[in-house]
Amino acid sequence: DAKTTQPNSMESNEEEPVHLPCNHSTISGTDYIHWYRQLPSQGPEYVIHGLTSNVNNRMASLAIAEDRKSSTLILHRATLRDAAVYYCILGNSGNTPLVFGKGTRLSVIA
Amino acid sequence: GAGVSQSPSNKVTEKGKDVELRCDPISGHTALYWYRQSLGQGLEFLIYFQGNSAPDKSGLPSDRFSAERTGGSVSTLTIQRTQQEDSAVYLCASSFRTPNYGYTFGSGTRLTVV
């Protein structure tokens, strides 16, 4: 399985941008980069995903390095509700289920 | 339905008993996934359905675990002769065809084996 590496934890101040890094040096050409987050006592929720180009949606932005060996999830203005575990996952274009790692635990300070 | 529904939300059972956990996916989602999450741990993949077929059962931890899906909709995860190490939150997710359409997770079933 293609693997990702994320910091165990990060801290951010409220209302400031947050950049969550992910390394995936063994990514293959057909692997998508997925981001999910898990708020306390809830199931994970989809955040964003992309293949090569940067992606934006109402929740976040995904910046993908030109060589695709790393990516960054950007939360433009962190709120207390963004405190969660953020998972960066590689998924191929087929049916293979996503494999969740340990993720990055993001703390947001008021 | 509007989201993925799991029942029961909590289940306490005695060691050695059988339990059934139910997942009702989003209407029209052909793919359904079961994961479990032990306290403070990451998600562990159990089994995946495409329609009523289970092409990937690789994650089932033992032959005490089985799952089925009927009518391309509701799925049931059955754990026979439960053990204390089976205690975890069991999460179900569904997606339209493949993971690249995005997973929607249910709220999970918290199973406690005493």
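This text goes with the structure placed above it.
Residues numbered from 1 in each chain as written. Chains lettered and ligands numbered in written order. Predicted model: local features only at pLDDT ≥ 70, side-chain atom pairs only at ≥ 80, totals over all residues. Heavy atoms only, no water.

Chemist: Let's hear about the interface of chain A and chain B: which residues, and what values?
Modeler: Each partner contributes residues to the interface: chain A has 20 residues there, and chain B has 19 residues. Both faces combined, the contact of chain A with chain B buries some 1400 Å², and carbon together with sulfur accounts for 53% of it. Counting residues per element, the side of chain A that touches chain B draws most heavily on strand S3 (residues 32-38) of chain A, at 4 residues. Among the residues forming the side of chain A that touches chain B, the class breakdown is 8 nonpolar, 11 polar and 1 charged. (Contact = heavy atoms within 4.5 Å. Buried area = accessible area lost by both parts, 1.4 Å probe. Helix = DSSP H or I, 4+ residues; strand = E, 2+ residues; numbered from the N terminus. Nonpolar A, V, L, I, M, F, W, Y, C, P; charged D, E, K, R; others polar.)

Chemist: Please set out the state of the cysteines residue by residue, giving values where relevant.
Modeler: Under the counting rule described, the total for this entry stands at 2 disulfides over all chains. Covalent S-S linkage joins Cys22(A) and Cys88(A), the inter-sulfur distance amounting to 2.1 Å. Across the S-S bond of Cys22(A) and Cys88(A) the torsion is about -85 degrees, and the bridge reads as left-handed. On the criterion of sequence distance, the pair formed by Cys22(A) in strand S2 (residues 18-23) and Cys88(A) in strand S8 (residues 84-91) is long-range, its members being 66 residues apart. You can call Cys88(A) buried: its relative accessible area is 2%. Here Cys23(B) pairs with Cys92(B) through a disulfide, and the sulfurs are 1.9 Å apart. Its S-S torsion of approximately -65 degrees makes the covalent link between Cys23(B) and Cys92(B) left-handed. Placement of Cys23(B) in strand S3 (residues 19-24) and of Cys92(B) in strand S9 (residues 88-95) is noted, with a sequence separation of 69 residues between them. Just as Cys23(B) is buried, Cys92(B) falls in that class too. (Disulfide = S-S within 2.5 Å. Buried < 20%, exposed > 50% of the residue type's maximum accessible area, 1.4 Å probe, protein only.)

Chemist: Describe the sheet that holds strand S7 (residues 70-75) of chain A, and please don't skip the residues or the numbers.
Modeler: The strand order across the open sheet built from 4 strands is S2-S7-S6-S5 (chain A), with neighbouring strands paired in antiparallel fashion. Because the sheet does not close on itself, it has two edges, and the strands there are S2 and strand S5 (55-56) of chain A. (Pairing = 2+ DSSP bridges.)

Chemist: A description of the pattern of salt bridges should follow, citing residues and the corresponding values.
Modeler: All names here are of chain B. Using the criterion set out here, one finds 6 salt bridges over all chains in the structure. Aspartate 24 is paired through a salt bridge with arginine 22; the nearest N and O atoms lie 3.9 Å apart. Accessibility expressed as a relative area gives 28% for aspartate 24, which makes it partly exposed. On the accessibility criterion, arginine 22 (40% relative accessible area) is partly exposed. With a shortest N-O distance of 2.8 Å, arginine 64 and aspartate 86 are connected by a salt bridge. In this pair, arginine 64 sits in the loop between strand S6 (53-56) and strand S7 (65-69) while aspartate 86 sits in the loop between strand S8 (75-79) and S9, placing the two residues 22 residues apart along the sequence. (Salt bridge = Lys/Arg side-chain N within 4 Å of Asp/Glu carboxyl O.)

Chemist: Explain the packing of aromatic side chains to me, and be specific about the residues and the numbers.
Modeler: A full pass over the atoms with the stated rule returns 14 aromatic pairs over all chains. Ring centres 6.4 Å apart and planes at 85 degrees place the aromatic pair Tyr36(A) and Phe105(B) in the edge-to-face group. One end of the pair, Tyr36(A), is in strand S3; the other, Phe105(B), is in strand S10 (residues 104-105), on a second chain. As far as burial versus exposure is concerned, Tyr36(A) and Phe105(B) are alike and both buried. Ring centres of Phe100(A) and Phe105(B) lie 5.9 Å apart, and the angle between their planes is 80 degrees; this geometry places the pair in the edge-to-face category. Within this pair, whereas Phe100(A) is found in the loop between S8 and strand S9 (104-109), its partner Phe105(B) is found in strand S10, the two belonging to separate chains. Note on accessibility: Phe100(A) and Phe105(B) belong to one class, buried. By way of ring pairs, the aromatic residues Tyr36(A), Tyr46(A), Tyr87(A), Phe100(A), Tyr33(B), Tyr35(B), Phe45(B), Tyr48(B), Tyr103(B) and Phe105(B) are connected into one cluster. (Phe/Tyr/Trp six-rings, centres within 6.5 Å; stacked < 30°, edge-to-face > 60°.)

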